[in-house]
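As a plain string of letters, each chain reads:
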Amino acid sequence: MAERSGDWFRQARRDLDSARAQRAAEFFEWACFISQQASEKALKAALQKLGGEAWGHSIADLLRTLKERVEVPADLHVSAVNLDRYYIPSRYPNGWAGGSPADYFTDEDADGAIGHSEAILRFCEGVLAGPGPAEVPDQEGGEEPES
């Protein structure tokens, strides 16, 4: 598979911009969901850059997978868990006993989700700026391949 971390991260940034626009328009549930989506894409970009595979939608799970490859600040786990709460109930009425998602999300929720997503994107941007996956030594000669 081609390495497309730049494409994933570009879309993550665009999603975060969209979350801000949804928040400004008072679509707070969508601001929360799109913030989750931005973080998911940013983490998938970082994992791809490091040669990993990323599956699923849980920000916390993606962060745990990334932690196997790079040091991850502890406070990002809090952001991940908060963002995971927005994946389903921000979109579907059956996530609630009554009403629709629009009845349950506030400007504070949207601001928090955007802030958590901004933290994850900043972290992933740093990962993307670093080196890619380590070169695997040549099995026969024990030396790294020439560039």
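On a predicted model such as this, the values are computed, not experimentally measured, just so you know. (Residues numbered from 1 in each chain as written. Predicted model: local features only at pLDDT ≥ 70, side-chain atom pairs only at ≥ 80, totals over all residues. Heavy atoms only, no water.)

1. Brief notes about helix α2 (residues 28-49)
- Here α2 is 22 residues long and its end C-alpha atoms lie 32 Å apart, about the 32 Å a rise of 1.5 Å per residue gives.
- With respect to burial, α2 is a largely interior element, 20 of its 22 residues being buried.
- The positive-phi residue at the C-terminal boundary of α2 is Gly51, with phi of around 85 degrees. (Helix = DSSP H or I, 4+ residues; strand = E, 2+ residues; numbered from the N terminus. Expected span 1.5 Å × (residues − 1). Buried < 20%, exposed > 50% of the residue type's maximum accessible area, 1.4 Å probe, protein only.)

2. Quick notes on the environment of Ser90
- Here Ser90 shows up in the loop between α4 (75-84) and α5 (107-129).
- Residue classification places Ser90 among the buried positions, given a relative accessible area of 1%.
- When the C-alpha atoms of Ser90 and Ser100 are compared, they prove to be 8.7 Å apart, with 10 residues separating the residues in sequence.
- Apart from the residues lying within four places of it in its own chain, the contact partners of Ser90 are Glu29, Phe33, Pro101 and Phe105.
- At a separation of 2.4 Å, a polar atom in the side chain of Ser90 contacts the main-chain carbonyl oxygen of Tyr86. (Contact = heavy atoms within 4.5 Å. Polar contact = N/O pair within 3.5 Å; in protein donor to acceptor, adjacent residues only side chain to side chain.)

3. Examining the nonpolar core
- Core analysis: the largest hydrophobic core is formed by 37 residues, its most contacted members being Leu43 and Cys124.
- Contributions of two or more residues to this core are made by α1 (5-24), α2, α3 (59-67), α4 and α5.
- A total of 11 residues in this core trace back to one element, the largest contributor, which is α2.
- Not counting the four nearest positions on each side in its chain, Cys124 is found in contact with Phe9, Ala42, Leu43 and Ala46. (Core = buried A, V, L, I, M, F, W, Y, C linked by side-chain atoms within 4.5 Å.)

4. Here's the deal with the confidence of the model for the protein
- Mean pLDDT for the protein: 90, with 89% of residues reaching 70 or above.
- This model gives residues 135-147 a pLDDT under 50, and the stretch forms 9 contacts once residues within four places in sequence are excluded. (pLDDT = per-residue confidence, 0-100.)

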